[in-house]
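An overview of the molecular structure
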Amino acid sequence: MENNLRSLYQSIQEVNENYNCRICHELCIQPEECVKCEWLFCQICIVKWKEKKNQCPNRCDGTFNTKNPHRLVKSEIAKIKCLCPHCKQGILYDDVEKHQGVCTQKQVGCIEACPWKGQSKDLANHKSQCQYLVSKECPNCKLWMTQIKLQQHNCFHQQRQSVENISNKLIDFKESQQETNQQLKNQIKNLEESLTALKLDQEKLLQNQQKLQLFNQKLVEQLEQAMKQQGSSPQKQQQAPLMQCGELSRQSKLLKCGKGHNLRFWLDPGKEQMEKVCQSCGHQNKSCRYVCQECKVFFCLGCRKIEIGIINDVYSCPADHPFQKYLGAGIFYCDSCNRQSTQMNNPKGIYCRKCDVDICQDCINKERYTQCWQSRPSTQQQLIQECQQQ
């Protein structure tokens, strides 16, 4: 194939040596250039060269990588005229392959069985007369076939062969039908046996069901008798408490669960608050201080911001206890952001020891709480200023 392709690109004019392949030293076919030295190479030559070694033939450093030549180089190569080996006409480089599809003097062949070879302009005329393609009717048996087959055709032998083929097919069909019938009979027999076995199993199941019903009835009677003797019933059994420590405050008017139930603040929960899982964020080890008794779920102070109210001009916790100021003495743990005073740059805030709740200065500044006052617009600023005072 490579030799046939090369024969199509034989230049009939003097070619600049820069357009020759640096491997085969002939006019480049489907040219590509080295990305480093920019010398031209045939595409097929590059493939064969890389099978041996992956280095530019000009010994460039690194691997042998190529790219398409510059458009000006392609333009110059396209102007080169090549000689058609069949009709001996001069063809431009870019039109060589296109010309091969229309060249009338190109050597072609008929179908594989036909030995004819000739020019492409004579192919159509040959096919109209080719004895391997043109069909004729047998005057005796009226079958259509190619001329070459008609020369070897024997009507009697052909018909006899056809009858034998049909007879053999009938015999095979009869045998296959007998085998199929026997298989169907065996399947019917197996199905009947399976049906009989299913009926027996159904009868056994009905008997076992009746026994189970009697057994269950006896168990219910025994259970009722035992409950009467003990004087208790399942409805009187106490459920496990929702919390082990602390108690719940009044219902909040502002904070609700996902179903719209009012939440309650958990007073003095101890370490148990860290064992609960927040219904909203799904995290544990956080201050889960709000509870929905109807849904039996908990919410952390990150998802339900703590309520801060005002009673007698004093800021109060959700249980209406007055807040006290924390000025940096002792350990302080913010229930809103879950940080200790040792982790804060300015450890200040407010706290309620009765409810065991602490709010740091940063959370107050960032309004990480729920306002319970209605008519004092400067309350937020006053709360920040009071917490900042020494």
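Definitions and cut-offs
Residue positions are counted from 1 within each chain, in the order its sequence is given. Restriction of local features to residues with pLDDT of at least 70 applies here, the model being predicted, together with a cutoff of 80 or more for giving and counting side-chain atom pairs; totals for whole chains, interfaces and linings are based on all residues. Just so you know, side-chain values use all the structure's heavy atoms and leave hydrogens and water out. Centres within 6.5 Å make a pair out of two Phe, Tyr or Trp rings, where for Trp the six-membered ring is used; the pair is then stacked when the planes are under 30 degrees apart, edge-to-face when over 60, and tilted otherwise. Strands are runs of DSSP state E lasting at least 2 residues, helices are runs of H or I lasting at least 4, and numbering of each runs from the N terminus. Accessible area is worked out with a 1.4 Å probe on protein chains only. A residue is then buried under 20% of its type maximum, exposed over 50%, and partly exposed in between. Per-residue confidence from the prediction method is given by pLDDT, with values spanning 0 to 100. The criterion used for residue contact is that any of the two residues' heavy atoms lie within 4.5 Å. Only strands joined by at least two bridges in the DSSP assignment are considered to pair. Only the stretch in contact is used when fitting a helix axis, every axis being a line fitted to C-alpha atoms; angles between N-to-C directions are given from 0 to 180 degrees. We place a 1 Å grid over just the protein atoms. Points where a 1.4 Å probe fits but has no way out form a cavity, open points with protein on both sides within 12 Å along at least 5 of 7 lines form a pocket, and any residue with an atom within 4 Å of a point lines it. Grid points are joined across faces, edges and corners, and a volume is the space filled by probe spheres set on the points. Classification convention: Asp, Glu, Lys, Arg as charged; Ala, Val, Leu, Ile, Met, Phe, Trp, Tyr, Cys, Pro as nonpolar; all other residues, Gly among them, as polar. When a carboxyl oxygen of Asp or Glu lies within 4 Å of a side-chain nitrogen of Lys or Arg, that pair is called a salt bridge.

This structure, assessed with the given rule, holds five aromatic pairs. With a centroid separation of 5.5 Å and an interplanar angle of 75 degrees, the aromatic rings of Phe41 and Phe64 are classed as edge-to-face. Here Phe41 is found in strand 2 (residues 40-42), whereas its partner Phe64 is found in the loop between helix 2 (43-52) and strand 3 (66-67), with 23 residues between them in sequence. Take Phe41: its relative accessible area is 0%, and that puts it in the buried class. Measuring from centroid to centroid gives 5.2 Å for Phe265 and Tyr290, while their planes differ by 65 degrees, and the two rings are edge-to-face. Taken together, the positions of Phe265 in strand 11 (residues 262-267) and Tyr290 in strand 12 (residues 288-292) put the pair 25 residues apart, joining distant regions of the chain. Take Tyr290: its relative accessible area is 0%, and that puts it in the buried class.

On to the confidence of the model for the protein chain, then. Should pLDDT be low for a region, the predicted coordinates there are not to be read in detail. Of the residues in the protein chain, 91% reach a pLDDT of 70 or more, and the chain-wide mean stands at 83. Across residues 232-238, confidence stays below pLDDT 50; counting only partners more than four residues off in sequence or on other chains, it has three contacts.

Glancing now at the pairing of strand 10 (residues 247-256). Of the pairings in the sheet, the one linking strand 10 to strand 11 comprises four bridges and is antiparallel in character. The partner of Gln251 across the bridge, within strand 11, is Arg264. Connecting the antiparallel pair strand 10 and strand 11 is a turn made up of five residues, with Gly260 showing a positive phi of about 90 degrees.

Taking strand neighbours across the sheet as the criterion, the four strands line up as 10-11-12-13 in an open arrangement whose pairing is antiparallel. Taken across any chain shown, the strands that pair with only one partner, and hence form the sheet edges, are strand 10 and strand 13 (297-300). Geometrically, the sheet is characterised by an average inter-axis angle of 40 degrees between neighbouring strands, direction not taken into account. Judged from the four bridges that link them, strand 12 and strand 13 form a sheet pairing that is antiparallel. Within strand 13, the position partnered with Cys292 by the bridge is Val297.

Below, the discussion takes up the layout of surface pockets. In this structure, the second largest pocket encloses a volume near 190 Å³. Considered class by class, the residues forming the lining of the second largest pocket number two nonpolar, three polar and five charged.

Now for the environment of Pro69. Mapped onto the secondary structure, Pro69 falls in the loop between strand 3 and helix 3 (71-78). On the basis of relative accessibility, which here comes to 6%, the residue Pro69 falls in the buried class. Expressed as a C-alpha distance, the spacing of Pro69 and Phe41, which sit 28 residues apart in the sequence, is 10.0 Å. Every residue in contact with Pro69, bar those within four places of it in the chain, is listed here: Pro31, Glu32, Glu33, Leu40 and Lys74.

Before going further, it helps to examine the sheet that holds strand 3. Strand order in this open sheet of three strands is 2-1-3, and the pairing throughout is antiparallel. If you trace the sheet from one side to the other, it starts and ends with strand 2 and strand 3, each paired once. Of the strand pairs in this sheet, strand 1 (residues 31-34) and strand 2 are connected by three bridges, and their pairing is antiparallel. When the sheet's bridge partners are listed, Pro31 is paired in strand 2 with Cys42. Set on the sheet, helix 2 makes contact with strand 1, strand 2 and strand 3; between it and strand 2 the angle comes to about 85 degrees.

For the structure shown, the criterion picks out seven salt bridges. The partner of Arg250 in a salt bridge is Asp320, and the shortest N-O contact between them spans 2.9 Å. Of the two residues, Arg250 is situated in strand 10 and Asp320 in the loop between strand 15 (314-316) and strand 16 (324-326); the sequence distance between them amounts to 70 residues. Given a relative accessible area of 45%, Arg250 falls into the partly exposed group. Note on Asp320: relative accessible area 36%, which makes it partly exposed.

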